[in-house]
Amino acid sequence: VHIAESGGGSVQPGESLRLSCVASGSNFGGYTISWYRQVPDKERELVASLSNRGTLYYSQAVRGRFTFSADDGKNTNYLQMTNLKPEDTAVYSCNYWLSAIKDYWGQGTQVTVSS
């Protein structure tokens, strides 16, 4: 299984970015897909997720500004981020989870929001 994120970058406050995550090497239909973010010296934070039952979750910090979407096969998913704030600066990672032994991560993509 290979997971690869892209789309990070440096933007100014108020601007938008769309992160992409492409998964290959398995059938991902039953997986929960999540986006996490992490800054140095802080715990990894769950940002958004799509459960295997189709339930969407957003953290309070991003609700109303970020939108998660995925294709039908869940091989590709996106995190559309709007009205970005400096506190959104982090490394964003995509996770595909089915079980303790089927828990796959990408390498992460840096998002920097600064004026």
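Higher on the page you've got the structure.
Rules used throughout
- Residues numbered from 1 in each chain as written.
- Predicted model: local features only at pLDDT ≥ 70, side-chain atom pairs only at ≥ 80, totals over all residues.
- Heavy atoms only, no water.
- Helix = DSSP H or I, 4+ residues; strand = E, 2+ residues; numbered from the N terminus.
- Rg over C-alpha atoms; globule rule 2.2 N^0.38 Å.
- Buried < 20%, exposed > 50% of the residue type's maximum accessible area, 1.4 Å probe, protein only.
- Contact = heavy atoms within 4.5 Å.
- Areas by Shrake-Rupley, 256 points an atom, 1.4 Å probe, with all protein chains shown as cover.
- Lys, Arg positive; Asp, Glu negative; His and termini not counted.
- Charge placed at Lys NZ, Arg CZ, Asp CG, Glu CD.
- Pairing = 2+ DSSP bridges.
- Axes fitted to C-alpha atoms, helices over the stretch in contact; angles between N-to-C directions.
- Core = buried A, V, L, I, M, F, W, Y, C linked by side-chain atoms within 4.5 Å.
- Disulfide = S-S within 2.5 Å.
- Salt bridge = Lys/Arg side-chain N within 4 Å of Asp/Glu carboxyl O.

A. Region of the structure containing the overall build of the chain. A tally of regular secondary structure across the chain gives zero helices and eleven strands. Sequence-ordered secondary structure for the chain, helices as α and strands as β, is β-β-β-β-β-β-β-β-β-β-β. Relative to the 2.2 N^0.38 estimate, which gives 13 Å for 115 residues, the radius of gyration of the chain is 13 Å and therefore close to what a compact globule would have. Each principal axis of the C-alpha distribution contributes one length, and for the chain these read about 40 × 25 × 20 Å. Across the 115 residues that make up the chain, the buried fraction comes to 38%. Across the chain, every contact between residues at least 6 apart in sequence was considered, and the portion connecting residues at least 24 apart equals 51%. Of the roughly 6,200 Å² that the chain leaves accessible, carbon and sulfur atoms contribute 47%. Each charge class in the chain can be summarised by its mean position, and for the 10 positive and 10 negative side chains these summaries are 6 Å apart.

B. Region of the structure containing the sheet that holds strand β7 (residues 66–70). Here we have four strands laid out as an open sheet, ordered β1-β3-β8-β7, and antiparallel in their pairing. The two strands at the open ends of the sheet, each matched to only one other strand, are β1 (2–6) and β7. Strand-to-strand twist of the sheet, defined as the mean angle between neighbouring strand axes without regard to direction, takes the value 15°.

C. Local environment of the nonpolar core. Core analysis: the largest hydrophobic core is formed by 26 residues, its most contacted members being Trp35, Phe66, Phe68, Leu79, Met81, Tyr92 and Tyr96. For this core, the elements supplying multiple residues, two or more each, are β3 (17–24), β4 (32–38), β5 (45–50), β7, β8 (76–81), β9 (90–99) and β11 (109–113).

D. Summary view of the state of the cysteines. All told, the structure shown has one disulfide when counted by the stated rule. With its sulfur 2.1 Å from that of its partner, cysteine 21 forms a disulfide with cysteine 94. Looking down the S-S bond of the cysteine 21 and cysteine 94 bridge, the torsion is -85°, so its handedness is left-handed. With cysteine 21 in strand β3 and cysteine 94 in strand β9, this residue pair connects regions lying 73 residues apart in the sequence.

E. Spatial organisation of the pairing of β7. Inspection of the sheet shows β7 paired to β8 by five bridges, in the antiparallel sense. Its bridge partner being in β8, phenylalanine 68 is matched across the sheet by leucine 79. The antiparallel pairing of β7 with β8 creates a hairpin that spans five residues between the two strands, and lysine 74 there sits at a positive phi of about 65°.

F. Up close: the pattern of salt bridges. The tally for this structure, following the rule as stated, stands at three salt bridges. A salt bridge links arginine 37 to glutamate 45; the nearest nitrogen and oxygen atoms lie 2.9 Å apart. By relative accessible area, which is 6% here, arginine 37 ends up buried. In this structure, aspartate 88 and arginine 65 form a salt bridge, with 2.7 Å as the shortest nitrogen-oxygen distance. On the criterion of sequence distance, the pair formed by aspartate 88 in the loop between β8 and β9 and arginine 65 in the loop between β6 (56–58) and β7 is long-range, its members being 23 residues apart. Judged by its relative accessible area of 0%, aspartate 88 falls in the buried class. Put simply, Arg37, Glu45, Arg65 and Asp88 are held in one network by salt bridges that share partners.

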